[in-house]
Amino acid sequence: MDPKKLLVVFCALVGLACGAGSSAAREQPAASGPPAVQPAPVQQPVRGAVELGETVDLKARETAEVASKDVSIRFARLVSDSRCAAGMVCVWEGEAVIELALAEPGRGERTTAALASTGRGGGQSVEFAACRVDLVAVSSGGDQVTLRVSKA
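Residues numbered from 1 in each chain as written. Predicted model: local features only at pLDDT ≥ 70, side-chain atom pairs only at ≥ 80, totals over all residues. Heavy atoms only, no water.

> Whenever I open this one, the sheet that holds strand 2 (residues 55–59) confuses me. Can you help?
Strand pairs in the sheet, formed through backbone hydrogen bonds, run parallel or antiparallel to each other. Across the sheet, 4 strands lie side by side as 2-9-8-7; this open sheet has antiparallel pairing. Across the chains shown, the open sheet's two edge strands, defined by having one partner strand only, are strand 2 and strand 7 (125–128). Shown here is a sheet whose adjacent strand axes are inclined to one another by a mean of 30°, direction ignored. Bridge analysis of strand 7 against strand 8 (residues 131–138) gives 4 bridges, and the strand direction is antiparallel. By the bridge assignment, Val 126 is partnered in strand 8 with Val 133. (Pairing = 2+ DSSP bridges. Helix = DSSP H or I, 4+ residues; strand = E, 2+ residues; numbered from the N terminus. Axes fitted to C-alpha atoms, helices over the stretch in contact; angles between N-to-C directions.)

> Sorry, what's going on with the pattern of salt bridges here?
When charged atoms on two side chains of opposite charge get close, those side chains can pair. Going through the model one piece at a time under the given rule, you end up with 3 salt bridges. One salt bridge in this structure joins Glu 99 and Arg 77, with 3.4 Å as the shortest N-O distance. With Glu 99 in strand 5 (residues 96–104) and Arg 77 in strand 4 (residues 71–81), this residue pair connects regions lying 22 residues apart in the sequence. Residue Asp 81 pairs with Arg 83 through a salt bridge whose shortest N-O separation is 2.7 Å. (Salt bridge = Lys/Arg side-chain N within 4 Å of Asp/Glu carboxyl O.)

The structure is reproduced here in structure tokens:
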């Protein structure tokens, strides 16, 4: 067999092996049947104030307040994670997608934003209430994010 064809076949097989189940195992399953009654959400602690230009680490459902603005940022959840597991050799690095909940309580404004670790599946930043929030990193388990907050 031609070496070029062999390389293409090998890369395709490696890609299938790395991708098989990697994102499906970590994505949230779609709800089936009638919705279950959900308990009231537990209020997670506020991490404190973050200054413009600083980074902040948030665990899932933790909130940070922007010191000089009436803005709060909450790491709502990990939407999907198809990143290559530690110790694996993959053709594509994969991507983590998170959801942030942004609020400006004084004005009653709220929004959610999906940010992607590589930018392929969505933006890596969001602007809200004259603030820009950049996704810097997602932990390997997807339970903590590092965000940089700056002036928009």
